[in-house]
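# What the coordinates show
Residues per chain are reported as follows:
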Amino acid sequence: DGRSLTPIVVLPFTAEAGGPPQSAQLVRRISDDLIATLARVPSFRVIARSTSNQYAGRRNDIAAIGQELGVRYAVEGTVRFADRRIRIDIALVDTATRLYAWSERYERDEDESQQVHEDIVRGLARQLHVSIMELRGNPDLHAGGASVRDTLFKAWAALNLFAFVNGGQEAGGLFEDALRVDPENPSALTGLAAYKISAVLTRQNTAKREQLFEESGAWRREAEESAPE
């Protein structure tokens, strides 16, 4: 339907030696849960776990997997359990080049596994520049902090949907969330101006055209005044 979708496969994670007897089962659950979390992101097209699990315990060529499944990216992971802590080394691999596009290490207590999943998804989304609007929740925003940047990232991703395809109506609210904390943020001001113009061009707002144009101009002028020299 014209939306920008990123095909991706999560390959079965492996357990490092020395883990608990049930480590294989725990690792399988972690990778399966990550697939379920990624599937919540509209911009990802995730291969079903019943298919990706067929690659467990095999020596796999990433390029061959990419061609076989029609995916651009593959996610690989290694899990280690120690002292009730989980450490996940994860990598995003470009199946066309066989090169790592991104890698990261996450470490949490065992009872925080769901937070690990969402941290991984956010990292992947930032790397691939896709929307994670449904993970927005109600973050405790702090001016200039990472959460404000996260909100702006989601807002611009939502605006792309709003401007070019159906969806993304929450873009305006996300920009306003950032401005409530950082009223002079140039990115948020510019984004709100662009949102108002997009509402005119796509006719996705019941307000009068003249009102939307006027509001857009006001936000744009404020953005210009707030932008650093």
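Per-chain numbering applies: the sequence of each chain, read as written, is numbered from 1 onward. Whole-chain, interface and lining totals are the exception, using all residues; otherwise, since this is a predicted model, local features are given only for residues with pLDDT of at least 70 and side-chain atom pairs are given and counted only at 80 or more. Side-chain descriptors were evaluated using all non-hydrogen atoms of the structure, hydrogens and water having been removed beforehand.

## What about the overall build of the chain?
Where we set the bar: Elements are defined by DSSP. Helices are runs of H or I of four residues or more, strands are runs of E of two residues or more, and each kind is numbered from the N terminus. Any residue under 20% of the maximum accessible area for its type is buried, any over 50% is exposed, and the rest in between are partly exposed; the area is computed with a 1.4 Å probe on protein chains only. Residue contacts follow a heavy-atom distance rule, with two residues in contact if any of their heavy atoms lie within 4.5 Å. All accessible areas in this document rest on Shrake-Rupley with a 1.4 Å probe, and a residue is counted as covered only by the protein chains that are shown.
Secondary structure summary: the chain contains eight helices and six strands in total. Helices (α) and strands (β) of the chain occur, in sequence order from the N terminus, as β-β-α-β-α-α-β-β-β-α-α-α-α-α. Taking all 229 residues of the chain together, 45% fall into the buried category. By sequence separation, contacts in the chain at least 24 residues apart represent 56% of the contacts at least 6 residues apart. On the chain, roughly 12,700 Å² of surface is accessible, and the fraction owed to carbon and sulfur atoms is 46%.

## Points about unusual backbone geometry
Although it is not a glycine, Arg 98 adopts a positive phi angle of roughly 65 degrees. By the secondary structure assignment, Arg 98 is in the loop between β5 (85-94) and β6 (99-109).

## Regarding the nonpolar core
Note the cut-off: Definition used in this section: a nonpolar core is a set of buried Ala, Val, Leu, Ile, Met, Phe, Trp, Tyr and Cys residues joined via side-chain atoms within 4.5 Å.
In this structure, Phe 13, Ile 88 and Ile 90 are the most contacted members of the largest nonpolar core, which totals 25 residues. Secondary structure elements with two or more residues in this core: β1 (6-10), α1 (23-38), β4 (73-82), β5, β6 and α4 (113-128). Here this core gets six residues from one element, more than from any other, and that element is α1. Once residues within four sequence positions are removed from consideration, Phe 13 is found in contact with Val 27, Ile 30, Ser 31, Leu 34, Val 75, Glu 76, Gly 77, Val 79, Ile 88 and Ile 90. With 19 residues, the next largest nonpolar core counts Val 148, Ala 171, Phe 175 and Leu 212 among its residues.

## With respect to the side chain of Ser 216
Mapped onto the fold, Ser 216 is located in helix α8 (residues 209-226). With residues near it in sequence (within four places) discarded, Ser 216 still touches Ala 193, Lys 196 and Ile 197.

## So, the pattern of salt bridges
The cut-off we apply is this: Salt bridges, as used here, are contacts in which a Lys or Arg side-chain nitrogen is within 4 Å of a carboxyl oxygen on Asp or Glu.
Under the criterion given, the structure shown has eight salt bridges. Residue Asp 61 is joined to Arg 98 by a salt bridge in which the shortest nitrogen-to-oxygen separation is 3.0 Å. In this pair, Asp 61 sits in the loop between α2 (49-52) and α3 (62-69) while Arg 98 sits in the loop between β5 and β6, placing the two residues 37 residues apart along the sequence. Classification of Asp 61 by relative accessible area gives partly exposed; the value is 35%.

## Focus: α1
Worth spelling out the cut-off: In a helix, the anticipated span is given by 1.5 Å times the number of residues less one.
Look at α1: 22 Å from first C-alpha to last across 16 residues, which is about the 22 Å you get at 1.5 Å a residue. The complete set of buried residues in α1 reads Ser 23, Leu 26, Val 27, Ile 30, Ser 31, Asp 32, Leu 34, Ile 35, Thr 37 and Leu 38.

## Here's the deal with the pairing of β5
The condition is simple: The rule for pairing is simple: two strands pair if DSSP sees at least two bridges between them.
Most of β5 is tucked away, with eight of its 10 residues classed as buried. Of the strand pairs in this sheet, β4 and β5 are connected by 10 bridges, and their pairing is antiparallel. Bridge pairing in β5 places Tyr 73 opposite Asp 94. If you look at the hairpin formed by β4 and β5, you'll find two residues sitting between the two strands, and Asp 83 has a positive phi there, around 55 degrees. As judged from the 10 bridges shared by β5 and β6, these two strands associate in the antiparallel manner. Directly across from Ile 90, in β6, lies its bridge partner Glu 104. With antiparallel pairing between neighbouring strands as the criterion, β5 and β6 make up a hairpin whose turn holds four residues, including Arg 98 at a positive phi of roughly 65 degrees.

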